[in-house]
Amino acid sequence: MALVEVEGIVLGETPYSESSKVLNVLTKDYGKIGILSKGCRQLKSPLRSVSARFTYGIFHIYYKKEGLSTLSAVDVLDAFPYLLADIEKISYATYLADLTDQVQKQSSVEEVYDIFIESLKRIDEGMDARVITSIVELKYLEALGVRPNIDSCALCGSTKNIATISPDVGGYVCQNCYQHEKIYSDKMIKLVRLFFYVDLAKITSLKVSTSVQKEIEEFIDLYYEQYTGLYLKSKHFLNNLKKLGVGDGK
Ligand SMILES: [Zn+2]
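This text gives an overview of the structure that appears in the document. (Residues numbered from 1 in each chain as written. Predicted model: local features only at pLDDT ≥ 70, side-chain atom pairs only at ≥ 80, totals over all residues.)

### Points about the pairing of strand β8 (residues 171–174)
Within a regular strand, the side chains alternate between the two sheet faces.
Next, step 1: With 2 bridges joining them, strand β6 (residues 149–153) and β8 adopt parallel strand pairing. When the bridges of β8 are listed, N149 appears paired with G171.
Next, step 2: Sheet topology places strand β7 (residues 162–166) next to β8; 4 bridges connect them, and they run antiparallel. Residue pairing for β8: I162 is matched across the bridge by C174.
Next, step 3: Hairpin connection from β7 to β8: 4 residues lie between these consecutive antiparallel strands, with G170 at a positive phi of about 95°. (Pairing = 2+ DSSP bridges. Helix = DSSP H or I, 4+ residues; strand = E, 2+ residues; numbered from the N terminus.)

### Remarks on the pairing of strand β2 (residues 20–27)
Next, step 1: Counting buried positions along β2 yields 6 of 8 residues, so the element is predominantly enclosed.
Next, step 2: Relative to β2, strand β1 (residues 3–16) runs antiparallel, the two sharing 8 bridges. By the bridge assignment for β2, E13 is matched with L23.
Next, step 3: Taking the residues between adjacent antiparallel strands as the criterion, β1 and β2 are bridged by 3 residues, where S17 takes a positive phi near 55°.
Next, step 4: With 7 bridges connecting them, β2 and strand β3 (residues 31–37) associate as antiparallel partners. Directly across from V22, in β3, lies its bridge partner L36.
Next, step 5: Connecting β2 to the next strand, β3, in antiparallel fashion are 3 residues. (Buried ≥ 20, exposed ≤ 12 C-beta atoms within 10 Å, placed from the backbone.)

### Description of the nonpolar core
Next, step 1: In this structure, I9, V25, I35, A93, L96, L120 and V192 are the most contacted members of the largest nonpolar core, which totals 59 residues.
Next, step 2: Taken together, domain 1 (3–78) and domain 2 (84–243) each give at least three residues to this core, which thus spans both.
Next, step 3: Excluding anything up to four places from it in sequence, I35 contacts L23, V25, F59, I61, L68, S69, T70 and L71. (Core = buried A, V, L, I, M, F, W, Y, C linked by C-beta atoms within 7 Å. Domains from an automatic or database assignment. Contact = placed C-beta atoms within 7 Å.)

### A short note on the environment of I189
Next, step 1: Within the secondary structure, I189 is located in helix α4 (residues 186–197).
Next, step 2: Given 21 C-beta atoms within 10 Å, I189 falls into the buried group.
Next, step 3: Residues I189 and D98, spaced 91 residues apart in sequence, show a C-alpha to C-alpha distance of 27 Å.
Next, step 4: Sequence-distant contacts of I189, defined by excluding residues within four places in its chain, comprise I162, T164, I165 and Y184.

### What to know about unusual backbone geometry
Next, step 1: Although it is not a glycine, F80 sits at a positive phi angle of roughly 45°.
Next, step 2: Here F80 lies in the loop between β5 (69–78) and α1 (87–105).
Next, step 3: Classification of F80 as buried rests on a count of 20 C-beta atoms within 10 Å.
Next, step 4: The phi torsion at N161 lies on the positive side, around 50°, for a residue other than glycine.
Next, step 5: On the secondary structure map, N161 appears in the loop between β6 and β7.
Next, step 6: Note on N161: 12 C-beta atoms within 10 Å, which makes it exposed.

This is the structure in structure tokens:
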């Protein structure tokens, strides 16, 4: 087996034997692979600190196309120290890791890898994890092949007098086509489009009121339910956190 270097991020981990772990790593060059980190659960193991979810770096591995590769070392590119010190941020990032794992099965790595990495960087920099999560969810709709129609009315194509956005219709609805869809605020309607197109690597600040953010989340949840069939346990956990009011009013 050849020793190769590959950029990647750990999406999840499972214990393996007494002292090891198998890391579920999304890599730029090989897609998602399983990497055995031998002995990493032992206190003195040099692999201990890099054998965990969100480890992002250059993985030096003995690569095996079929079956498990084996970890030799990792050069960490970003340790996300602020993200990993905050339980709420970790909850959002964990959901994003689970979502990324699901979405990459239905798309190419290139479509999701950079979005996921940039989202972690923005959360680590202190941007609202809740807002960043909505941005990622909207962007992933493209990778899932179910992008909403948010450049014009989904029914007639008009770009004028957009009245609302509707999961049932699949995007914007203009005043002429409007029937009985729920009316969302103008701010929300514009932000959904902005979130979809914004370059995560370039945003420096985004202020979204809690009420508008809730509208966006409602739309996203209904849209995912209707078009993607994805509903993850970690999302359920997040929604329960929101019901308790955690993360509100920031
Ligand atoms: Zn229309």
